[in-house]
Amino acid sequence: MGKTILEKIWDHHVVTGKERRRNLLYIDRHMIYEVTSAPAFEMLSAHHLDVRRPDLTYAIMDHNIPTTRDARATAESVTPQLQQLRANTDQHKIQLFDLSSPHQGITHIVAAELSLVEPGMTVACGDSHTCTLGAFGTLAVGVGTSEVFHILATQCLWESFPDQMRITLTGRLPTAVGAKDIMLWLIGSLGPEGARGRAVEYGGSVVSNLKMEERMTLCNMSVELGARTGVISPDFETVEYCLAHRGDRSDQDSLGTRYLSWATDADAIYPEELTFDVSGLEPQVTWGTNPGMVGGITSSIPSDSEIRNRPDSTSVFRALEYMGLEPGTDLTDITIDRVFIGSCSNSTLTDLRRAASVVKGRHVHPDIRAMVVPGSQRVKQRAEAEGLRDVFVSAGFEWREPGCSMCVALNADRLKPYERCASTSNRNFEGRQGANGRTHLVSPEMAAAAAIYGRFVDVSELREQFGLADHLGF
């Protein structure tokens, strides 16, 4: 019987422990940032320990940094967590991508574009969306502060082998429907705990046709499905991306063979398999306070009677009260105040191209404040070289410096009380983007269209109406 990619990676990295149960795993790459690493370094100091493998540890400033250029100029010297991160990385000789680095950005985006991860690796970071990097055929997990300390000290992590689930996606994606819509629809269909604690492997013809940056979005929101992580078996698309970002292609044949050797075997067996045809999928919009409260753009919020028949009726009514919405409201009748295009879910060059294809030649609604926050300095530079910045700025968007920004609101980018935002981020619980802020999760195209019209509209109809190409030539 063959092995899944998870089984292959797990077996290769076990240091000790019973077979595929509770094991001590060797960690190939450890990503740290300013928030969760600070107490871990304090624990390291308290135990008089050094970092075991500083050469396999990478530090990035992203969560609570400002995204305006003026504010960034002084942030490193006045923000305690940033100061502490620099001191800790200096002391332990860890590479730091600080605010002045040409490689600074959101941790998971930077790790991908700098080829810090590759198929077959184990990756850990004190951030739940580390599963983003499962798109590259890795076992990528988010960990807590005590685990960050343990990895710093030993380069190992105690982990329980998770139950496995395979989700196969078939059919043909409709116009203007992408990975973000797929994940929101899956969470709505299966529930926010639909893959609780499992390692989800995504496959099928739809996944095979997704570009790597779209696969990152798919894996990124696995945790919103309740999963421990998400992973996609490496294929030639994976190989090409990894080789291109390594720069040195002198040994590309042997590397490609090695990358593909981690792929799930054809005769591997999963304890649970689900198949979905996404041919009829339409752009999605969340209307509540978790990603599972979601619907297609042509639908409505459930009616009063429909909600009362739901097992989660109490939480749904609470969510609608918080969101300031009424049962039965058409999603296209919801007006907004803010638009945020960014976060580790949707801030890649592919995401910005898709949003720009909707924005080009139009202007932000006069009642809307809209902003674009690229996922990294490299994304920002390439977007500017391609003219994407000019498209957004001409349309009335703010063009910011890279960072987590409004996704997590640990910085100045946050909603005012009761402001309503169309956001490409991944979480919409109460207060996520600011106290009493109201967040609707959408794709880059849907966010861009909402900025133009001041409300949610069916971006697929806009493409037909205006003859928009998928990437408008970018």
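Refer to the structure printed above.
Reading the values: rules and limits
- Per chain, residues are indexed from 1 in the order of the written sequence.
- The predicted nature of this model means local features are confined to residues of pLDDT at least 70 and side-chain atom pairs, given and counted, to a pLDDT of 80 or more, with totals for whole chains, interfaces and linings taken over all residues.
- In computing side-chain properties, one takes all heavy atoms of the structure into account and sets aside hydrogens as well as water.
- Salt bridges, as used here, are contacts in which a Lys or Arg side-chain nitrogen is within 4 Å of a carboxyl oxygen on Asp or Glu.
- Runs of E in the DSSP output that reach at least two residues are strands. Runs of H or I that reach at least four are helices, and both are numbered from the N terminus.
- The classification of residues rests on relative accessible area computed with a 1.4 Å probe and restricted to protein chains. Under 20% of the type maximum is buried, over 50% is exposed, and intermediate values are partly exposed.
- When two rings of Phe, Tyr or Trp (its six-membered ring) have centres within 6.5 Å they constitute a pair, described as stacked for plane angles under 30 degrees, edge-to-face for angles over 60, and tilted for the intermediate range.

Engineer: What's the story with the pattern of salt bridges in this structure? I'm lost.
Structural biologist: Pairing between side chains of opposite charge can happen when their charged atoms approach one another. Applying the stated rule across the entire model yields 28 salt bridges. Salt-bridge contacts for glutamate 272 lead to arginine 198; the nearest nitrogen and oxygen are separated by 3.0 Å. Highlighted residues: glutamate 272 in strand β12 (residues 272–277) and arginine 198 in the loop between α7 (179–190) and β10 (199–203), separated in sequence by 74 residues. Overall, the relative accessible area of 25% leaves glutamate 272 in the partly exposed class. Connected through salt bridges with shared partners, the residues Lys3, Glu7, Asp11 and Arg20 form a single ionic network.

Engineer: I keep staring at helix α14 (residues 349–359) and nothing clicks. Help me out?
Structural biologist: Side chains of residues three or four places apart in an α-helix project in the same direction, reflecting 3.6 residues per turn. Of all 11 residues making up α14, 11 are buried, and the element is well covered by its neighbours. Burial in α14 covers these residues: Leu349, Thr350, Asp351, Leu352, Arg353, Arg354, Ala355, Ala356, Ser357, Val358 and Val359. In the segment just after α14, glycine 361 is the residue with positive phi, at about 80°.

Engineer: Teacher, can you tell me more about the packing of aromatic side chains here?
Structural biologist: Centre-to-centre distance and the angle between the planes together describe a pair of aromatic rings. Overall, the coordinates contain five aromatic pairs when judged by the stated rule. Summarising the aromatic geometry, the rings of tryptophan 185 and phenylalanine 276 are spaced 5.5 Å apart at their centres and angled 90° between planes, so their arrangement reads as edge-to-face. In this pair, tryptophan 185 sits in helix α7 while phenylalanine 276 sits in strand β12, placing the two residues 91 residues apart along the sequence. On the basis of relative accessibility, which here comes to 14%, the residue phenylalanine 276 falls in the buried class. Ring plane angle 20° and centroid distance 6.1 Å describe the contact between phenylalanine 392 and tryptophan 399, whose orientation is recorded as stacked. Both residues of the pair, phenylalanine 392 and tryptophan 399, belong to the buried class. By way of ring pairs, the aromatic residues Phe392, Phe397 and Trp399 are connected into one cluster.

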